[in-house]
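Here is what each chain is made of, one letter per residue.
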Amino acid sequence: MAELRDEPASWPVTESEDLHRDGWVVALRADRVARPGADDEAPFRRIVLEHPGAAVILALDADDRVFCLKQYRHAARMRFVELPAGLLDVAGEDALSVAQRELREEGALTAERWTHLVTTYPSPGISSEKASIFLAEGLSETDRGDFVLRHEEADMEALWVPFDELLDGVLEGRITDAPVVIAVLALHARRARGAGATS
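The structure presented is a predicted model; accordingly, all values stated were derived computationally and were not measured. (Residues numbered from 1 in each chain as written. Predicted model: local features only at pLDDT ≥ 70, side-chain atom pairs only at ≥ 80, totals over all residues. Heavy atoms only, no water.)

Enquirer: Quick one: what's the story with the overall build of the chain, residue by residue and with numbers?
Expert: Scanning the chain for helices and strands turns up 3 helices and 10 strands. Mapped from its N terminus to its C terminus, the chain presents α and β elements in the order β-β-β-β-β-β-β-α-β-β-β-α-α. Across the 199 residues in the chain, those meeting the buried criterion constitute 34%. Across the chain, every contact between residues at least 6 apart in sequence was considered, and the portion connecting residues at least 24 apart equals 56%. (Helix = DSSP H or I, 4+ residues; strand = E, 2+ residues; numbered from the N terminus. Buried < 20%, exposed > 50% of the residue type's maximum accessible area, 1.4 Å probe, protein only. Contact = heavy atoms within 4.5 Å.)

Enquirer: Mind laying out helix α1 (residues 95-107), listing which residues take part and the relevant values?
Expert: Compared with the 18 Å implied by 1.5 Å per residue over 13 residues, the 17 Å span of α1 between its first and last C-alpha is a close match. Within the sequence span of α1, burial applies to A95, V98, A99, R101, E102, L103, E105, E106 and G107. Structurally, α1 contributes buried residues whose contacts are with β4 (54-59), β5 (65-73), β7 (85-87), β8 (109-120) and β9 (131-141). Looking at the residues trailing α1, positive phi occurs at A108, about 55°. (Expected span 1.5 Å × (residues − 1).)

Enquirer: How would you summarise the packing of aromatic side chains if you had to cite specific residues and measurements?
Expert: As enumerated under the stated definition, the model contains 3 aromatic pairs in all. Between F67 and W160 the ring centres are 5.3 Å apart and the planes differ by 65°, which places this aromatic pair in the edge-to-face class. One end of the pair, F67, is in strand β5; the other, W160, is in strand β10 (residues 157-162), with 93 residues separating them in the sequence. The buried category is assigned to F67, whose relative accessible area is 5%. W160 sits in the partly exposed class, given a relative accessible area of 31%. The interplanar angle of 80° and the centroid separation of 6.5 Å between the aromatic rings of W114 and F134 together place this pair among those described as edge-to-face. Within this pair, whereas W114 is found in strand β8, its partner F134 is found in strand β9, the two being separated by 20 residues in sequence. Over the face of the ring belonging to F163 we find R191, whose NZ or CZ atom lies 4.6 Å from the ring centre. (Phe/Tyr/Trp six-rings, centres within 6.5 Å; stacked < 30°, edge-to-face > 60°. Lys NZ or Arg CZ within 6 Å of the ring centre and 35° of its normal.)

Enquirer: If you had to explain the environment of V118 to someone new, which residues and values would you point to?
Expert: Relative to the assigned elements, V118 resides in strand β8. A relative accessible area of 24% means that V118 is categorised as partly exposed. Measuring from C-alpha to C-alpha, the distance between V118 and I182 comes to 8.3 Å, with 64 residues separating the pair along the chain. Residue contacts for V118: discarding those within four places in its chain leaves A131, S132, I133, I182 and A186.

Structure representation (structure tokens):
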């Protein structure tokens with residue numbers, strides 16, 4: 001039996017229209033997509049949110065506490081418990097480099113050990129975003145460099161949460177930010193399989 005895996009594919013686009021595009025890192029377009037082998041069907045419309053990708057960090061200290069942030073998100077009208085994260089919006093940076101930068105900028109932390117936990121497409125029905133989630137360990141404090149917290153970030157609240165308490169919050173539905181849920185469950189699964197915190 002073949003290994004179960006996602007596969008690259010690209011259906012023909014007969015027409016593409018920018019709905020919104022400016023100087024920021026995301027854009028919105030409408031594509032007309034043709035289903036291969038279905039020449040008798042008209043192309044159908046799909047909205048695509050172009051996204052450069054993101055890196056997410058589950059930073060775990062020696063006491064098994066996770067560095068979390070509470071941050072307001074306007075689209076959802078919620079103040080979420082989150083993990084440090086950032087966009088792959090600098091040319092030439094890979095996901096790990098972005099994760100290291102974001103941990104420094106948002107958490108004023110550095111890590112000795114980095115483990116890739118999982119990569120996901122959070123909402124592939126509408127967005128091209130790919131999120132790489134990392135475990136960071138061996139933490140130490142540092143400065144933020146020249147990074148300045150602005151807008152929602154200027155209102156962020158930092159907190160250290162015991163991993164088991166964060167897991168309970170996820171399982172009980174009190175913690176709902178998708179990257180947090182995925183990161184916590186991925187680490188919990190690694191531990192359940194005997195992989196420990198690091199690989």
